[in-house]
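Results of the structural survey
The residues making up each chain are set out below.
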Amino acid sequence: MGKTENLFSREAIEKIKKIATDEDITMFCTNLGARPFSTTPMSTQQVEDDGSIWFFSAKDSDRNADLQRDPEAQLIYSSTSDQEYLSLYGEARVVYNLDKAKELWSPMVKTWFQEGPSDPNLSLIHFKPKEGYYWDTQHGKVVAFAKMAASVVSGKTMDDGVSGKISV
């Protein structure tokens, strides 16, 4: 089986920053107590030095309504090209801050908010992770695939994976 490396504090934040910025699309999950819970693809706008993550969100979205009722949220990042995966659990809050919206603004965001950072339906979500889990490879994708191929041929398990808990 693969190697386990639990990450804490600074190491955990660095892992969050790497995966969340390399693969900026996450499945943002709310209403966690329901079956099925609610999930929406969201684009990461910024990862702060404390590991918290910013997103743009429509003020009138179901996601915002869910977070108003219950701030618990789960983020799931998946980068199959880099063989990196991250699941984070934490609390998210809806924020209305024009200065922060201007700081995070990029031309692509206009796709959803035509009036720019001052669009009346624009809000921000600030997600603060508490804990999570990550999976990736010890030696990179090429070595991982070579070991997988060798495993199939030899019939021996050759897992190059590394995973562990993240505690911020």
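See the structure above.
None of these values were measured; they are calculated from a predicted model. (Residues numbered from 1 in each chain as written. Predicted model: local features only at pLDDT ≥ 70, side-chain atom pairs only at ≥ 80, totals over all residues. Heavy atoms only, no water.)

**Topic: helix H1 (residues 9–22)**
Between its terminal C-alpha atoms H1 stretches 20 Å, which fits the 20 Å expected from 14 residues at 1.5 Å a residue. Taken residue by residue, H1 has Ala12, Ile13, Lys15, Ile16, Lys17, Ile19 and Ala20 as its buried positions. (Helix = DSSP H or I, 4+ residues; strand = E, 2+ residues; numbered from the N terminus. Expected span 1.5 Å × (residues − 1). Buried < 20%, exposed > 50% of the residue type's maximum accessible area, 1.4 Å probe, protein only.)

**Thoughts on the pairing of strand E3 (residues 25–30)**
Here E3 pairs with strand E4 (residues 38–43) via six bridges, running antiparallel. Considered in E4, the bridge of Phe28 is made with Thr40. Direction of pairing for E3 relative to strand E7 (residues 72–79): antiparallel, over a ladder of four bridges. When the bridges of E7 are listed, Phe28 appears paired with Leu75. (Pairing = 2+ DSSP bridges.)

**Regarding the packing of aromatic side chains**
All told, the structure shown has five aromatic pairs when counted by the stated rule. Geometrically, the ring pair formed by Phe56 and Phe113 is tilted, given 6.4 Å between the ring centres and 50° between the ring planes. Pair noted here: Phe56 is in strand E6 (residues 53–58) and Phe113 is in the loop between helix H3 (98–104) and strand E9 (122–137), with a separation of 57 residues, a long-range link. Here the two residues Phe56 and Phe113 agree in accessibility, since each one is buried. When the centroid spacing of 4.8 Å and the interplanar angle of 55° are considered together, the rings of Tyr133 and Trp135 count as tilted. On the basis of relative accessibility, which here comes to 27%, the residue Tyr133 falls in the partly exposed class. Take Trp135: its relative accessible area is 39%, and that puts it in the partly exposed class. One aromatic cluster is present, formed by Phe28, Phe55 and Phe127 through successive ring pairs. (Phe/Tyr/Trp six-rings, centres within 6.5 Å; stacked < 30°, edge-to-face > 60°.)

**Some details on the nonpolar core**
By size, the foremost hydrophobic cluster in this structure holds 23 residues, and its most contacted members are Phe28, Ile53, Phe55, Leu75, Tyr77, Leu86 and Phe127. Secondary-structure elements contributing two or more residues to this core are H1, E6, E7, strand E8 (84–95), E9 and strand E10 (161–167). Aside from chain neighbours lying at most four places away, what touches Ile53 is Ile16, Ala20, Thr44, Gln46, Val47, Leu75, Tyr77, Leu88, Ile125, His126 and Phe127. Within the second largest apolar cluster, ten residues are counted, among which are Trp54, Ala58, Val95 and Leu124. (Core = buried A, V, L, I, M, F, W, Y, C linked by side-chain atoms within 4.5 Å. Contact = heavy atoms within 4.5 Å.)

Keep in mind these numbers describe shape, not what the thing actually does.
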